Amino acid sequence: MAAHLSYGRVNLNVLREAVRRELREFLDKCAGSKAIVWDEYLTGPFGLIAQYSLLKEHEVEKMFTLKGSRLPAADVKNIIFFVRPRLELMDIIAENVLSEDRRGPARDFHILFVPRRSLLCEQRLKDLGVLGSFIHREEYSLDLIPFDGDLLSMESESAFKECYLESDQTSLYHAAKGLMTLQALYGTIPQIFGKGECARQVANMMIRMKREFTGSQNSIFPVFDNLLLLDRNVDLLSPLATQLTYEGLIDEIYGIQNSYVKLPPEKFAPKKQGDGGKDLPTEAKKLQLNSAEELYAEIRDKNFNAVGSVLSKKAKVISAAFEERHNAKTVGEIKQFVSQLPHMQAARGSLANHTSIAELIKDVTTSEDFFDKLTVEQEFMSGIDTDKVNSYIEDCIAQKHPLIKVLRLVCLQSVCNSGLKQKVLDYYKREILQTYGYEHILTLHNLEKAGLLKPQTGGRNNYPTIRKTLRLWMDDVNEQNPTDISYVYSGYAPLSVRLAQLLSRPGWRSIEEVLRILPGPHFEERQPLPTGLQKKRQPGENRVTLIFFLGGVTFAEIAALRFLSQLEDGGTEYVIATTKLINGASWIESLMEKPF
């Protein structure tokens, strides 16, 4: 069991166990010793549900990464390919199978598609003459992966691009399937709310799937009260702004992948006397970040400016606890101290790690460029000078700062101005193409198609209306002891989370006008429950809302939702699901066309 998945109102270990069971059943179908050939992208998500020890119990002896030419030698009976349904991967698999040494002992081939089988892929294998080589061709429906006690992700890196640029609904179908799996485990969700075109489609798919399974009544008492489906393009602003929570900044600067982060090792090297700093480690320091670590759970969602004081308080508490050993006189007291020692040492190690991480982040956040960039972002979000060419962005282009940084700022300005005036937009495009190369014209086209970088139509800027009605900009933010979700961006309240907050209380009727300005339909559906399963809430008991971000969610938005869950009189606790955990850089990168 993973303890950090069961601390909330919804025990996500139930989901983890269900997907582990399905994996074990498949492995047992392939009798005998096994080697798994991995599509490299899947190793991270799989690591969150099944460690190597589980695979070993089911006779997995070797693991390889999927790459061209011959498979490495392995004395095993079964070779299993774990892959996403991508045509380019089928070509590599065919190459592996065809170059198999016929002189050696015959090995059985199997293929497991994650999360769905694909007729196109099977046809490609058939065209390449290898389809008949596979004994088992199955799918493993790993749709939603539990990351933490209140967080699920599909880790589908191209979901936003597929939905908004390619009109490909595959990831929406997977989202609907994932929601059906959740309802099979945690009961039917009685009320569905949604905003956006993709949200509407997912809700329609779910309702259709439910109709198709009419034979089986779900008799599980519902854990969730509401489901809120939100399109990413309803709020294009939040991922573009720099996140200012501790976890958000770690992700912005170093990138968190499947709850792991790789950090520069020199800050973590044990300091020895008279060493003169030689033999510094060169291997990146890899740390897992989730609520299983007590200190991280406490500081992850705080504004970075509030983290230092927590760390220094913790340091005093830990050193006082270690000092206790001098007061332990009797055998009983010494025994008690010794029993607490492992926990204290873990706490000391955790504190040392997070102090080092905080120092690394502080080096970035105290730099002049970070301050300048943040100032420009905050001016845009509060509605200052959004309609003319910005001198800081001009300087960034002239000094050839990273292209993603420039694109983020230009897109942010465009979103905060409901699109840019044509001459401002043309100027930025020309400068970017002349500085970074004309191959990026495709990227600019993608950003325009996604609604991130576009000309203002109708000459009207709707952002000020949205900002005022939804209170998206707060001037006096208390970063240490926040009273509003705007602390996660030091002033800007994420629009997506504000919509969730207003839905919970007083309801969306109060903001009908703004909902009409924002893209896509808004809707409400009810799913009837069998008698006897209707929930009678106890006085003071919070509602549980599952909020699903279609197209990605940032750690700052997650922090804001956790803040709302913890409010004394909030009335709602949130569980967050998404197609992908993103930040501004990874999101823009997913929309960039790779130069040939």
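Residues numbered from 1 in each chain as written. Predicted model: local features only at pLDDT ≥ 70, side-chain atom pairs only at ≥ 80, totals over all residues. Heavy atoms only, no water.

Remarks on the sheet that holds strand β13 (residues 522-526)
Step number 1: Sheet architecture is open: 7 strands sit in the order β6-β7-β15-β14-β9-β8-β13, paired in mixed fashion. Only two strands of the sheet have a single neighbouring strand rather than two, namely β6 (145-148) and β13. In this sheet, adjacent strand axes meet at a mean angle of 20° when their direction is disregarded.
Step number 2: The strands that helix α7 (residues 170-186) touches are β7 (151-153), β9 (226-231) and β14 (543-550); relative to β14, the one it contacts most, it runs at about 160°. (Pairing = 2+ DSSP bridges. Helix = DSSP H or I, 4+ residues; strand = E, 2+ residues; numbered from the N terminus. Axes fitted to C-alpha atoms, helices over the stretch in contact; angles between N-to-C directions. Contact = heavy atoms within 4.5 Å.)

Some thoughts on the domain arrangement of the protein chain
Step number 1: Splitting the protein chain by domain gives domain 1 (3-142), domain 2 (146-212 + 220-233 + 521-533 + 540-588), domain 3 (246-265 + 281-366) and domain 4 (369-461).
Step number 2: Domain 1 puts 19 residues into the contact, and the matching count from domain 2 is 25 residues.
Step number 3: Approximately 1,900 Å² of surface area, both sides summed, lies buried where domain 1 meets domain 2, with 62% of it carried by carbon and sulfur atoms.
Step number 4: Where domain 1 packs against domain 2, one counts 4 salt bridges.
Step number 5: Taken together, the connections running from domain 1 to domain 2 amount to 8 residue pairs in polar contact (both at pLDDT 80 or more).
Step number 6: Listed by contribution, the elements that provide at least two residues to the side of domain 1 that touches domain 2 are α1 (13-29) and α2 (40-47).
Step number 7: Broken down by element, the side of domain 1 that touches domain 2 gets its largest block of residues, 4 residues, from α1. (Domains from an automatic or database assignment. Buried area = accessible area lost by both parts, 1.4 Å probe. Salt bridge = Lys/Arg side-chain N within 4 Å of Asp/Glu carboxyl O. Polar contact = N/O pair within 3.5 Å; in protein donor to acceptor, adjacent residues only side chain to side chain.)

A look at unusual backbone geometry
Step number 1: Cis rather than trans, the peptide bond between Val114 and Pro115 has omega equal to 0°.
Step number 2: Looking at the secondary structure, you find Pro115 in the loop between β4 (108-113) and α5 (119-127).
Step number 3: In this structure, the amide linkage connecting Arg505 to the following residue, Pro506, adopts the cis form with an omega of 10°.
Step number 4: Counting through the fold element by element, Pro506 comes out in the loop between α20 (495-504) and α21 (512-517).
Step number 5: Phi is positive for Ser167, which is not a glycine, with a value near 50°.
Step number 6: In this structure, Ser167 sits in the loop between α6 (159-164) and α7.

With respect to the sheet that holds strand β11 (residues 260-263)
Step number 1: Strand order in the open sheet made by the 3 strands is β10-β11-β12, with antiparallel pairing throughout. In this open sheet, the two strands that pair with only one neighbour each are β10 (256-257) and β12 (285-288).
Step number 2: Two strands pair when backbone bridges link them, and β10 and β11 are joined in this way by 2 bridges, in the antiparallel orientation. From the neighbouring strand, Gln257 faces β11, where its bridge partner is Tyr260.

Let's talk about helix α16 (residues 403-415)
Step number 1: For α16, with 13 residues, the first-to-last C-alpha span of 18 Å sits near the 18 Å given by 1.5 Å per residue.
Step number 2: Across the 13 residues that make up α16, a large majority, 13, are buried. (Expected span 1.5 Å × (residues − 1). Buried < 20%, exposed > 50% of the residue type's maximum accessible area, 1.4 Å probe, protein only.)

Some thoughts on a negative patch on the surface
Step number 1: Together, Glu25, Asp28, Glu59, Glu61 and Asp75 give the surface a local cluster of negative charge.
Step number 2: Here Glu61 is to be found in strand β2 (residues 60-65).
Step number 3: With relative accessibility at 46%, the residue Glu61 sits in the partly exposed group. (Patch = residues over 30% accessible without salt bridge, like charges linked within 9 Å, V, L, I, M, F, W, Y side chains within 5 Å. Areas by Shrake-Rupley, 256 points an atom, 1.4 Å probe, with all protein chains shown as cover. Lys, Arg positive; Asp, Glu negative; His and termini not counted. Charge placed at Lys NZ, Arg CZ, Asp CG, Glu CD.)

Section: the pattern of salt bridges
Step number 1: Per the stated rule, a full pass over the model turns up 33 salt bridges.
Step number 2: In this structure, Asp143 and Arg116 form a salt bridge, with 2.9 Å as the shortest nitrogen-oxygen distance. In this pair, Asp143 is assigned in the loop between β5 (134-139) and β6 and Arg116 in the loop between β4 and α5, connecting sequence segments 27 residues apart.
Step number 3: The exposure class of Arg116 is buried, given its relative accessible area of 9%.
Step number 4: Ionic pairing is found between Arg516 and Glu512, a salt bridge with its closest N-O pair at 3.7 Å.

As for the environment of Ile384
Step number 1: Relative to the elements of secondary structure, Ile384 occurs in the loop between α14 (368-381) and α15 (391-398).
Step number 2: Through-space distance from the C-alpha of Ile384 to that of Ala346 is 48 Å; in sequence the pair is 38 residues apart.

Regarding the packing of aromatic side chains
Remark: the centre distance and the inter-plane angle together describe each pair of aromatic rings, the angle taken between the planes.
Step number 1: Per the counting criterion, the structure on display carries 15 aromatic pairs.
Step number 2: Summarising the aromatic geometry, the rings of Phe81 and Phe134 are spaced 6.1 Å apart at their centres and angled 75° between planes, so their arrangement reads as edge-to-face. One end of the pair, Phe81, is in strand β3 (residues 78-83); the other, Phe134, is in strand β5, and 53 residues separate them in sequence.
Step number 3: Of the residues examined, Phe81 reaches a relative accessible area of 0% and is grouped as buried.
Step number 4: What makes Phe134 buried here is its relative accessible area of 4%.
Step number 5: Ring centres of Tyr427 and Tyr428 lie 6.3 Å apart, and the angle between their planes is 50°; on these two criteria the pair is classed as tilted.
Step number 6: What makes Tyr427 partly exposed here is its relative accessible area of 22%.
Step number 7: These aromatic residues form a ring-pair network of at least three members: Trp38, Phe46, Phe82 and Tyr140. (Phe/Tyr/Trp six-rings, centres within 6.5 Å; stacked < 30°, edge-to-face > 60°.)

Things to note about α15
Step number 1: Residues of α15 that are buried include every one of Tyr392, Ile393, Cys396 and Ile397, and no others. The arc enclosing the buried residues of α15, seen along the axis, measures out at 140°, which places them on a common side.
Step number 2: Among the structural elements, α14, α16 and α17 (422-436) are those in contact with the buried residues of α15.
Step number 3: If you check the start of α15, you find a side-chain oxygen 2.8 Å away from the backbone N of Tyr392, and it comes from Asn390.
Step number 4: At the C-terminal side of α15, Lys400 shows a positive phi close to 55°. (Arc of directions from axis to C-beta.)

Description of the environment of Gly419
Step number 1: Positionally, Gly419 belongs in the loop between α16 and α17.
Step number 2: The class of Gly419 is buried, set by a relative accessible area of 1%.
Step number 3: Sequence separation of Gly419 and Glu448 is 29 residues, and the distance between their C-alpha atoms is 9.7 Å.
Step number 4: Aside from chain neighbours lying at most four places away, what touches Gly419 is Ser414, Lys454, Pro455 and Gln456.

Examining the nonpolar core
Step number 1: Phe46, Phe82, Leu229, Leu452, Leu499 and Phe548 are the most contacted members of the largest nonpolar core, which totals 168 residues.
Step number 2: When residues no more than four places from it in sequence are discounted, the contact partners of Phe46 are Leu23, Trp38, Phe82, Val114, Tyr140 and Leu142.
Step number 3: Core analysis: the second largest hydrophobic core is formed by 23 residues, Ala35, Phe64, Leu89 and Ile111 among them. (Core = buried A, V, L, I, M, F, W, Y, C linked by side-chain atoms within 4.5 Å.)

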